[in-house]
Amino acid sequence: MAWIGAQGRGPELARLSGVVDRARAGRPTTVLIQGEPGSGKSEAVAALAALAADAGFQVAVANARSLPDVPFAAADQVLARLSPAGTRVADRASSPSTEVLRDLVELVRAQARRAPVAVCLDDAACLEPWSLRWLSELSASAFPHRLVVALSAGHFGGGGEPELTTGLAALAEHITLTGLPAAALADFAAARCGVRLDEDAAAACYELTGGNPGLLQALLSEHSGAAPSAEKLRAGTGSRALPGIERWLGGIGEPALALARAVAVLGVDAEIAQAAELARLTVGEALTAVDELVDRCLLANRTPLAFCHPLLGSMVIGAVPVGTRAALHLRAAEILRDGHFDVTGVARQLVAAGPLGQEWTVRPLRIAARRLAQEGRAEDAARHLRGLLREQLGPQVRAAVRCELAALDAFVDPELTVRQLDAARQEAEDPFAMVDHTLALAGLLTECGRPADAVAVLDDTAERLGPASAAYVWRLRLHKALSWRGGPAWLVRSGEGLDDLAAEAPEPGGGCWELAALRAAEAVDAGADRGAAVRHARQALAGGSDSLGRGLWHGCGALIRADELTEAWTHCSRTRLAGGVPPGRWDHVAAELLRAAIRRVRGDLGGVAEALTPMADRLCGLVPTGHRLAALAVSALVEARALMGDTDTARTLLTGCGLDRELPPWQDTPAVLAARAALWEQTGEPLRAVEDYLAAGRLLTDCQVRNPAVLPWRSRAAQLLVAAGEVAEAARLAGAELEDARRWGTPRTIGAAEHAVAMTETGTRRISLLSGAVGTLTRSPARLELATARFDLATALSVAGRPHEAHTELVAALSTAWSCSARPLVSRITAAQQASFPVDTDEPPNPALIGLTPQELKILCLARDGHTNRAIAGKLFVTVRTVEFHLSGAYRKLGISGRQQLAEIIPARTTADTVRALPVDG
């Protein structure tokens, strides 16, 4: 009884017990136990036999598959077990008749009058017609016969004997065995397979087998005495032979078997027409085969075609010889290719087929690898590329594929990838392959904080190539200039002039994206010609996928500093990952960092944190090794967290990565110093902040960077110096930045510098300059800087005795700061409101609301006022689903369960001066 009671078959056991109880009370019952192969039908029949024996029944058990194919074979076996010394029926089989049938029925009923009888037949669908008629007559027995007939069969009504369908099936009580419940799988695995399953592993088993006991045993057959992980269980279901497939495939026709193999090979691509072509069947033949496979519980009764349980597909294809299997996968790839199906489906078939020397396979495998990497499936992408490297490729294609694979591997193990690329570079004989490996290696070394090593590698390859390879050497020189930009100031200054490189360019297109990117970066540093910077940036980004990598980094960086944010965002989205997907390449990290920079310019601190936090754990471990992107991403997250008021997390990140110590004098270090200064400023350490801003300024000056769009270190330091009473030095720094900002010409840089200059003045002069700064920043995307300038203007107006104007600026500053998630600034503005306008102002916003987006606030206020979701959607011109999405997100942030609690969270007058001013971002 352990099969049912301990492993999730309690309801079925209760029904079987009820059947026995009714039969013992004189109400004869026939029960038909059905289910797919492996569901436990035989054990259910055995369980009923055991229940009947315990209740005092005479029990006769037989398996129909083992009976001879002669009339009344089942009756012969049953009567022999009920009355071993009684009459045998074998001598009557030669002349079966209705009279013989009635005699055999009466013999069993006579036994049932003396003592209860249980007739248990497994695999009853295999019985010959006279045995089926005999069972039908027995099942028609009436009170007071104490008789139970228990039968098991897999697929009645789909091709079995019609007598069984119309007779027995109509008379019987049906018990259909489905899979074991998910909660019972761990107990089953421990008791029957000797395998320990945790919650995730049990869920994976249920996903693969649907709880089918036979499939579960097949899946766990190689894990006895172990505790496999969910990942190991899923990975182990590839094309390999598993026990038990014969019970599913036994007896099916050749067309159905061919179609089952085709569906197993095609997987999610198994449309009927393609499956038929792969199985070499007509569509009509395939449809008939589909019906047979559905009847046999192999295929689900739906389209596209799919197995009832994923493990069945692995078992079917695992039973196919390896050569036939490879041929099937190759033919499937050709069918999908010719049908213009998605390239990833074609590539999946090619990877499964293995290397077969087909030239056309290169393109789909490379395209699929890029898409998989973009979806965050770096391991699958790398598997595609490694499979491609096993093909017979030309040296140039092989080098390109190896570099693509290195881009994936470099994110997992940069040092190992450096060694592999260096070995490939030194082994390469083809100049193109040698240069490709060298450029990939130099780029990785630069990102890892080793620009001097990158330059040495580039020089070494240039020397090997010699003057005869001028075009290749020019590309190496160009990448030396890119590597110089990632190093210290002295290395930057020693770089080759871009005018000389441009003059020697071998032909249009060869390295033009990188050259344009360098020109854009140089124009940004000089800060004198914003138009030229944008023009070069667009040239750098015009190459599509060819201009990714450092072309994207420098090109989008120039657009961001020129405040061409929408254009920069569009280019960053070319390497954007799907939502919630972890990065698998460093260019993914670069793209997310650029997008975070755009959000920071717009004052979207919450967006910066949302973009970079998922990568923090991975990146923090690489910061101490000197990895540039890792350090930049972590420092950007530190600054965002600090400005949001989460200084504990910011400090933990900073100290955990070692960024609180002395930093190397590299060109990217000023950004790290500025982020660190923002943290010191929020934690009440202004002198440390000033020191870091000035240190950043010295590094930028050494690198000949004066453009405040790169980093407005002078205006930020000036603000702190004014507070410390050093007004003269603050005025000098702010004035110098304003001059450079006007040369660059963006309202963001000009407005920030005007703000700093204004704070060095007093009285009406300060108010006038602050008003000008607010007006300038209003025309810029810099919402956080605008909120700060408005707050300072409000303070100056209040000191000057102009309370109503001050109140207007405070309200505007509050709504903007609130939308930026700048909690410390919100707290300062709220405190100023309460101190200056304790009676006349609206009730200050609840601090719990600060982390909400403007759209969430608008929707919450309308919901608090009693508007339905549909009414809110109409007012804000969004969909009802959008309203529901924002409400659920806001409830989660606020820790409440529904709108009935909103009145406690949002004051009644909050909408008057705060929410109404917030921009809609729906």
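Residues numbered from 1 in each chain as written. Predicted model: local features only at pLDDT ≥ 70, side-chain atom pairs only at ≥ 80, totals over all residues. Heavy atoms only, no water.

1. Examining the overall build of the protein chain
Threshold: Every helix listed is a DSSP run of H or I at least four residues long, and every strand listed is a run of E at least two residues long, numbered separately from the N terminus. Burial classes: relative accessible area under 20% of the type maximum marks a residue as buried, over 50% as exposed, and values in between as partly exposed (1.4 Å probe, protein chains only). Contact criterion: two residues are considered in contact whenever any of their non-hydrogen atoms come within 4.5 Å of each other. Method for areas: the Shrake-Rupley scheme with a 1.4 Å probe, in which residue coverage is limited to the protein chains shown.
Check the secondary structure of the protein chain and you find 49 helices and 5 strands. Of all 922 residues assigned to the protein chain, the portion counted as buried reaches 55%. If you take every contact in the protein chain between residues at least 6 apart in sequence, the share linking residues at least 24 apart comes to 68%. Accessible surface computed for the protein chain: about 38700 Å², of which carbon and sulfur atoms make up 52%.

2. Focus on the pattern of salt bridges
This is how the line gets drawn: Criterion for a salt bridge: a side-chain nitrogen of Lys or Arg within 4 Å of a carboxyl oxygen of Asp or Glu.
For the structure shown, the criterion picks out 42 salt bridges. Of the charged contacts, one joins Arg-585 and Asp-587 as a salt bridge, the two residues approaching to 3.0 Å between their closest N and O atoms. Taking the shortest distance from any N to any O, the salt bridge between Glu-592 and Arg-595 comes out at 3.6 Å. On the criterion of helical spacing, the pair formed by Glu-592 and Arg-595 is a turn pair, its members being 3 residues apart in helix α32 (residues 586-601). The burial state of Glu-592 is the same as that of Arg-595; both residues are buried.

3. Quick word on helix α46 (residues 869-876)
To keep things clear, this is the line we draw: This arc describes the spread of directions from the helix axis toward the C-beta atoms.
Three or more residues of α46 are buried, namely Ile-872, Ala-873 and Leu-876. Relative to the axis of α46, the buried residues are bounded by an arc of 100° and lie together on one face. Against the buried residues of α46 lie α45 (854-864) and α47 (880-894). Phe-877 occupies a position one or two residues after α46 and carries a positive phi of about 60°.

4. Concerning the environment of Arg-398
In this structure, Arg-398 sits in helix α21 (residues 395-412). Between the C-alpha atoms of Arg-398 and Leu-385, which are 13 residues apart in sequence, the distance is 10.0 Å. Setting aside chain neighbours within four positions, we find Arg-398 in contact with Leu-389, Glu-391, Gln-392 and Leu-393.

5. What to know about unusual backbone geometry
The omega torsion across Phe-143 and Pro-144 is 15°, close enough to zero to call that bond cis. Its location among the elements puts Pro-144 in the loop between α6 (129-139) and β4 (147-153). Geometrically, the link from Thr-303 to Pro-304 is a cis peptide bond, its omega value of -5° lying close to zero. Secondary-structure assignment places Pro-304 in the loop between α15 (283-295) and α16 (310-318). With a phi angle near 65°, Ser-821 is a residue other than glycine that sits in the positive phi range.

6. Let's talk about the sheet that holds strand β3 (residues 117-122)
The test is simple: Paired strands are those between which DSSP finds at least two bridges. Orientation is described by lines fitted to C-alpha atoms, with helices fitted over the stretch in contact, and by angles between N-to-C directions that extend from 0 to 180 degrees.
Pairing in this open sheet of 5 strands is parallel, and the strands run β2-β3-β4-β1-β5 from one edge to the other. Where the open sheet ends on each side, the last strands, each with one partner, are β2 (58-63) and β5 (173-177). Strand-to-strand twist of the sheet, defined as the mean angle between neighbouring strand axes without regard to direction, takes the value 15°. Pairing of strand β1 (residues 29-35) with β5 involves 5 bridges; the strand directions are parallel. Looking across to β5, one finds that Leu-32 is bridged to His-174. Helix-sheet contacts for α6 involve β1, β3 and β4, and the interaxial angle to β4 is about 140°.

7. Looking at the confidence of the model for the protein chain
Inclusion rule: The pLDDT value tells you how sure the predictor is about a given residue, anywhere from 0 up to 100.
Per-residue pLDDT for the protein chain has a mean of 86; in total, 89% of the residues score no lower than 70. By mean pLDDT, helix α49 (residues 910-913) is the weakest element of the protein chain at 45, and helix α40 (residues 747-759) is the strongest at 97. Here residues 156-160 is a poorly scored stretch, pLDDT under 50, and it has 6 contacts once near neighbours within four places are set aside; other chains count. Segment residues 839-844: pLDDT under 50, and 11 contacts once partners within four positions in sequence are set aside and those in other chains are kept.

8. A word on α21
Selection criterion: Take the residue count of a helix, subtract one, and multiply by 1.5 Å to get its expected span.
For α21, spanning 18 residues, the distance from its first C-alpha to its last is 26 Å, which sits close to the expected 26 Å at 1.5 Å a residue. Buried residues in α21 make contact with α19 (362-374), α20 (378-389), α22 (414-427), α23 (431-447), α32 and α33 (605-620).

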